[in-house]
Amino acid sequence: MPRTINHPALQPLKEKFGNVKFLVGEFRDMITVVVPREHIVAVCTFLRDDPTLQYDMLGELNGVDYLNYPGARHRFGVNYGLVSTPKNNRLWLKVFLDPSQYTSPGNDVRDEDAIEKGHPGLKLDSVTGVWPGPQWPGREGYDMFGIIFLRHPDLLRILTWNGYGSYPLRKDYPRRGIGERENYKIVTREGA
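Residues numbered from 1 in each chain as written. Predicted model: local features only at pLDDT ≥ 70, side-chain atom pairs only at ≥ 80, totals over all residues. Heavy atoms only, no water.

Got a sec to walk through the pairing of strand β5 (residues 89-97)? Specific residues and values, please.
One ladder, built from 3 bridges, connects strand β2 (residues 30-34) with β5; its direction is parallel. In the strand pairing of β5, Thr-32 is matched with Trp-92. Sheet analysis places strand β4 (residues 76-84) next to β5, joined by 9 bridges and oriented antiparallel. Across the sheet, Tyr-80 pairs through a bridge with Leu-93, a residue of β5. (Pairing = 2+ DSSP bridges. Helix = DSSP H or I, 4+ residues; strand = E, 2+ residues; numbered from the N terminus.)

As structure tokens, then:
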């Protein structure tokens, strides 16, 4: 018999966003609310500012590629781990993204063109205006998955270089790479 999921944030979210369809799940006593991508900033702002909730910290931001995952209906997910330090509560938010173009290596753009020419299905508003913490994790999500965080103050690659040509944590990225090791320019002592 299914049981009712209880969490202090669920009822205020339903009341504030009555026209938004949220999905709620529970795993190991952690509650996850699936938020439509166009509402993520408004939901995060509400959770931060509501005096009964006070989610004052974004503890974690990460991406997931669900390619070939059993039963998955979406390609990518972005997870937000929220913490209310005054209330000692945690809440997970999740946004699903689906690319509208081919995602394998070689079909990607340079950093300066990502917002204009990047995959429309992988664009998501950044929550850096709500909490300062997601600046570096947002850059990592962009660099590793190709998730484009709109209105991010410094959306540049953080682990690979501009023009790398792919996103290494995507499941369609080849295990042996795309020739980075084979085509790496070796600088000798004489040529330096």
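So much for the structure itself; the text now carries on.
Residue-level account of unusual backbone geometry, with values.
The phi angle at Gln-54 is positive, at roughly 55 degrees, despite the residue not being glycine. Judged by relative accessible area, which is 26%, Gln-54 ranks as partly exposed. Although it is not a glycine, Asn-68 adopts a positive phi angle of roughly 65 degrees. Along the chain, the position of Asn-68 falls in the loop between β3 (57-65) and β4. (Buried < 20%, exposed > 50% of the residue type's maximum accessible area, 1.4 Å probe, protein only.)

Which residues make up the packing of aromatic side chains, and what values do they have?
Under the defined criterion, the tally for this structure stands at 7 aromatic pairs. Plain terms: the ring middles of Phe-17 and Phe-46 are 5.8 Å apart, the flat faces sit at 85 degrees to each other, and that makes the pair edge-to-face. Taken as a pair, Phe-17 in the loop between α1 (10-16) and β1 (23-27) and Phe-46 in helix α2 (residues 40-49) lie far apart in primary sequence, 29 residues in all. Phe-17 sits in the buried class, given a relative accessible area of 9%. Accessibility expressed as a relative area gives 13% for Phe-46, which makes it buried. Where Trp-161 meets Tyr-164, the ring centres are 4.8 Å apart and the plane angle is 85 degrees; that geometry is what we call edge-to-face. Looking at Tyr-164, the relative accessible area reads 12%, which means it is buried. An aromatic cluster is built from Phe-17, Phe-22 and Phe-46, whose rings are joined through pairwise contacts. Above the face of the Trp-136 ring, Arg-139 is positioned so that its terminal group lies 5.1 Å from the ring centre. The ring centre of Tyr-142 lies 5.8 Å from the NZ or CZ of Arg-157, which sits over that ring. (Phe/Tyr/Trp six-rings, centres within 6.5 Å; stacked < 30°, edge-to-face > 60°. Lys NZ or Arg CZ within 6 Å of the ring centre and 35° of its normal.)

Which residues make up the pairing of β2, and what values do they have?
When a strand is regular, its side chains alternate between the sheet's two faces. In the sheet, β1 pairs with β2 via 5 bridges, with the strands oriented antiparallel. What sits directly across from Phe-27, in β2, is Met-30. A loop of 2 residues connects β1 with β2, the two strands running antiparallel in sequence, and Arg-28 in this loop sits at a positive phi of about 50 degrees.

Account for the environment of Met-30, with residues named and values stated.
The residue Met-30 is located in strand β2 in this model. Sequence separation between Met-30 and Phe-17 is 13 residues, and the spatial gap between their C-alpha atoms is 22 Å. Residue contacts for Met-30: discarding those within four places in its chain leaves Gly-25, Arg-90 and Trp-92. (Contact = heavy atoms within 4.5 Å.)

Quick one: what's the story with the pattern of salt bridges, residue by residue and with numbers?
According to the stated counting rule, one finds 8 salt bridges in the structure shown. For the salt bridge of Asp-172 with Arg-75, the shortest nitrogen-to-oxygen distance reads 3.5 Å. Taken together, the positions of Asp-172 in the segment after β7 (148-150) and Arg-75 in the loop between β3 and β4 put the pair 97 residues apart, joining distant regions of the chain. Residue class for Asp-172 comes out partly exposed when judged on its relative accessible area of 23%. (Salt bridge = Lys/Arg side-chain N within 4 Å of Asp/Glu carboxyl O.)

I'd like a rundown of helix α4 (residues 135-145), residues and numbers included.
Among the residues of α4, Gly-138, Arg-139, Gly-141, Tyr-142, Asp-143, Met-144 and Phe-145 are the ones counted as buried. Summarising the contacts, the buried residues of α4 are in contact with β3, β4, α3 (114-117) and β7. At the C-terminal side of α4, Gly-146 shows a positive phi close to 80 degrees.

These values are about where atoms sit, not about what they do.
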